[in-house]
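Fold and contact review
Here is what each chain is made of, one letter per residue.
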Amino acid sequence: MNMKIAVASGKGGTGKTMVATSLALSLIETNQVKLLDCDVEAPNAHLFLHPTFTQEIPAVIRIPKIDPERCTLCGQCVEVCQFHALAKVGKTIMVFPQLCHGCGSCTWNCPEGAIEEIPNPIGVIEKGTTISGIDFTHGKLTLSEPMATPIIRQLKKLEKSSNGTITVIDSPPGASCSVVETVRGVDFVILVTEPTPFGLHDLKQMLGILEDMRIRYGVVINREGIGNAELDRYLEQKGIPILMRIPFDKEIARGIAAGKPLVVIDPNYHEKFKDMYQKINQIIDKSDGRS
Amino acid sequence: MTQQRAKQLVILSGKGGTGKTSLSAAFAYESTHAGMNYKTFFVDADVDAANLSLVLEAQVAEQHEFWGSSQAEIDVQKCTGCGSCESVCRYDAIFPHSEIPGVNWIDPIACDGCAACVYACPEDAISMIPQQEGFWYRSETPYGKFFHAELFPGRENSGKLVTLIKQNARLAADDQSVQLIVIDGPPGIGCPVISACAGTDLGLIVAEPGQAGMHDLQRVLGTLRHFRIPTVICINKADLYPQGTKEIYEFAETQGIEVVGEIPFDESIPLSMLQGVPIQVLYPESPAARAIHKIWHQTVNKLFQYEKQNV
Amino acid sequence: MILLISSQGQNLESPIEHRFGRSPWLIKYDTETKENQALPNPGGRQSGGAGVAAAQFVIDQAADVVISGDFGPNAANALRAADVKMYLFDGNLNNVDDVIDTFLEGKLPAF
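Procedures and definitions
Residues numbered from 1 in each chain as written. Chains lettered and ligands numbered in written order. Predicted model: local features only at pLDDT ≥ 70, side-chain atom pairs only at ≥ 80, totals over all residues. Heavy atoms only, no water. Salt bridge = Lys/Arg side-chain N within 4 Å of Asp/Glu carboxyl O. Helix = DSSP H or I, 4+ residues; strand = E, 2+ residues; numbered from the N terminus. Buried < 20%, exposed > 50% of the residue type's maximum accessible area, 1.4 Å probe, protein only. Contact = heavy atoms within 4.5 Å. Polar contact = N/O pair within 3.5 Å; in protein donor to acceptor, adjacent residues only side chain to side chain. Core = buried A, V, L, I, M, F, W, Y, C linked by side-chain atoms within 4.5 Å. Pairing = 2+ DSSP bridges. Axes fitted to C-alpha atoms, helices over the stretch in contact; angles between N-to-C directions. Expected span 1.5 Å × (residues − 1). Arc of directions from axis to C-beta. pLDDT = per-residue confidence, 0-100. Parallel < 35°, antiparallel > 145°, perpendicular 65-115°, else oblique.

1. Some thoughts on the pattern of salt bridges
Residues and elements named next belong to chain A. Summed over the entire model, instances satisfying the criterion amount to 28 salt bridges over all chains. In this structure, the salt-bridge partner of lysine 34 is glutamate 159, at a minimum N-O distance of 3.1 Å. Of the two residues, lysine 34 is situated in strand S2 (residues 32–37) and glutamate 159 in the loop between helix H5 (149–158) and strand S8 (165–170); the sequence distance between them amounts to 125 residues. The exposure class of lysine 34 is buried, given its relative accessible area of 12%.

If you want it as structure tokens, here you go:
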């Protein structure tokens, strides 16, 4: 069986990457593990896992290129494009690559067959392996490119995992389209939050998405001790499982800043993460009606 | 030109959770209590995790619907299940209908709104339905008017919504001779960040010491550079990892960027967040509040000095 | 010469609109005949690419000049390619009428 677990949060900086990397490091002892860093705007998992990259794939959007010989300036492409990535200007059709979603609608709708699609690079995907054997992939959005979601889509399509693999996916922060693309099709989402009003507010945004998408989830409370009991009360009232509690500890904060994974800062967490994985399996089995 | 446009300051970080919002709230307090007052409006540009309203004692004065893109919907009466739509959809959004056999269904979560299927359908069974994607608000706070929004979870167009609230803030600022607009930015470097940066006069990056913090600082600085926005840096939780703080100073020096101050780790910040107020309201003498006071002065000096250079 | 000015309303007394792409109206003014016409801006209803949609509309109106508060990079590229001249409002101007007068006096800044 394959297992795909995404680590998400709503609020940024709650410790997603910390949880994702340490979960991967704990599971690699007994499983095949892949780590997919989908936070393509600010990818950081490699700073903790130090993979050796062996493959680089351009991340692209396919944008239209118009053959001026065949184009009759009928304007059909401009008409059908919902994103206004094309304009008819004098005797040419202009293409605005940063507005193009790469949907292909202009290509199919051109009556003259005058449009071909060319790859427009918006970032890069890098693949490699860590010393401990984690199969590592991340995407990096090029600076000043607006759209992160197409890279995430490409990243996830690339990952055809073999049987028995556990895939841990580090999600971007927030609760918009790039997060939806990241968690689409996963078996479980670990929501990392902190017990503060900001943490709780942003967690609720994520819960809305996961309920809509019918994806199972549980919560990791990070930096326990800095906030109040509001988060705990809310989770209890909603019956949301708490997977792990990580106390606020300056030693942990220092270690993470130095680029050390949590399981290296405190090796006791190896067992805690393995237990968490068991807990996740139990939650999945239970909701599948197998126990 | 007699009337001066309000200066726009955008607070960014690359990495999330470095303290942008707490700093924005503290700046709101400074703008009305720091001796030389500036008439200031505030914008929360982190529309998918909008938290600034939680610490500004905001009272909503106006609420507006935000209508974003359209999504495709299939009329089950007309659909013959021919699959033409599925063959053109690049977003894997089209599936057999779960209840009605022989009919297709479009998953609204996966639909990108490109309308390729609309044109591909031989039965004219698909149409584009406009979507409400959130709300935007104008609120009153003790510190000045506040423009913010709530994007519905999972929606696109956060960049459009950011542009919309910034424009409304700017138009209101023009009317009321406001001197400064403080924009609390989203994390990352993508579309909402680009929208938050557009047209601003100064970027203040809140950096956090550490390897990840440094990596994200470099990426967000590159983005601000690309849009030619002058930039300064402040360092939050500077004492938690002094080695990293030193590295930020070194990096800033190689880039010719001023570090306008550092904020120590201080529990007064989360404690004031719990009470829903800027830090100075409850802990005016805390180390973080003192540090922020200096950062505010350095930042506004920088901001209004650029103005002098321009005229 | 055909001018298009971004406007909040439908006549020459209407307040100007500083946004180009999302301006609700564009006032079309013919300097020869002195006739004017209010045109709904198709960009005003777009969620994405409003600037390009508005620029396309201006180009289709065979405008020589377009005046607004600002132009985004995509809209500016399209207008430049079509040889439509872009001018900016002056800070003191409030309605469309004033903008036209000031433009004809040659006192508006080019974009």
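2. Points about the interface of chain C and chain B
It is common to give the size of an interface as the accessible area that goes away when the parts come together. Contacts between the two partners involve ten residues from chain C, matched on the other side by twelve residues from chain B. Taken together, chain C and chain B are joined by zero salt bridges. Across the chain C-chain B interface, the total number found is one residue pair in polar contact (both at pLDDT 80 or more).

3. So, the nonpolar core
One finds Val189(A), Leu191(A), Phe20(C) and Leu79(C) to be the most contacted residues of the largest nonpolar core, which totals 142 residues. Contacts of Val189(A), omitting those with residues within four sequence positions, involve Ala6(A), Ala8(A), Val183(A), Leu210(A), Ile215(A), Arg216(A), Tyr217(A) and Gly218(A). If you look at the next biggest cluster of nonpolar residues, it comprises 39 residues, including Leu25(A), Ile28(A), Leu35(A) and Val263(A).

4. Considering the sheet that holds strand S10 (residues 231–236) of chain B
Residue and element names in this part refer to chain B. Reading across from one edge, S3-S6-S7-S2-S8-S1-S9-S10-S11 is the order of the nine strands in this open sheet, with mixed pairing throughout. Every interior strand has two partners, whereas the edge strands, strand S3 (59–74) and strand S11 (259–263), have only one. Here the average twist between neighbouring strands, direction ignored, is 20 degrees. Inspection of the sheet shows strand S2 (residues 40–44) paired to strand S7 (residues 144–151) by two bridges, in the parallel sense.

5. Things to note about helix H11 (residues 269–287) of chain A
All names here are of chain A. Compared with an ideal rise of 1.5 Å per residue, which puts 19 residues at 27 Å, H11 spans 27 Å between its outermost C-alpha atoms and is within 8% of the ideal. Every buried residue belonging to H11 is among Tyr269, His270, Phe273, Met276, Tyr277, Ile280, Asn281 and Ile284, and all of these are buried. One side of H11 holds all its buried residues, which, seen down the axis, span an arc of 140 degrees. Residues of H11 that are exposed and point more than 90 degrees away from the buried face comprise Gln282 and Lys286. Looking one or two places after H11, you find glycine 289, whose phi comes out positive at around 75 degrees.

6. Quick notes on the confidence of the model for chain C
All names here are of chain C. Taken over all residues, the pLDDT of chain C has a mean of 91, while the share at 70 or more is 99%. Averaged over each element, pLDDT in chain C is lowest for helix H2 (residues 73–81) (92) and highest for strand S4 (residues 65–68) (96). At the level of chain-chain contacts, confidence expressed as ipTM amounts to 0.92, with global pTM at 0.92.

7. Considerations on the packing of helix H7 (residues 197–213) of chain A against helix H8 (residues 230–238) of chain A
Residue and element names in this part refer to chain A. Interaxial distance between H7 and H8 falls to 11 Å at its minimum, and their mutual angle equals 25 degrees. In terms of orientation, H7 lies roughly parallel with respect to H8. Contacts between H7 and H8 pair Leu200, Leu203, Lys204 and Leu207 from the former with Glu230, Leu231, Tyr234 and Leu235 from the latter.

8. Comments concerning the sheet that holds strand S2 (residues 25–30) of chain C
Residues and elements named next belong to chain C. One open sheet accounts for five strands, arranged S3-S2-S1-S4-S5; its pairing is mixed. Where the open sheet ends on each side, the last strands, each with one partner, are strand S3 (36–40) and strand S5 (85–88). In this sheet, neighbouring strand axes are inclined to one another by 25 degrees on average, regardless of whether the strands run parallel or antiparallel. Sheet topology places strand S1 (residues 2–7) next to S4; three bridges connect them, and they run parallel. Opposite isoleucine 5, over in S4, you have isoleucine 67 as the bridge partner. Sheet strands touched by helix H3 (residues 96–104): S1, S2, S4 and S5. Its angle to S1, the strand with the most contacts, is close to 140 degrees.

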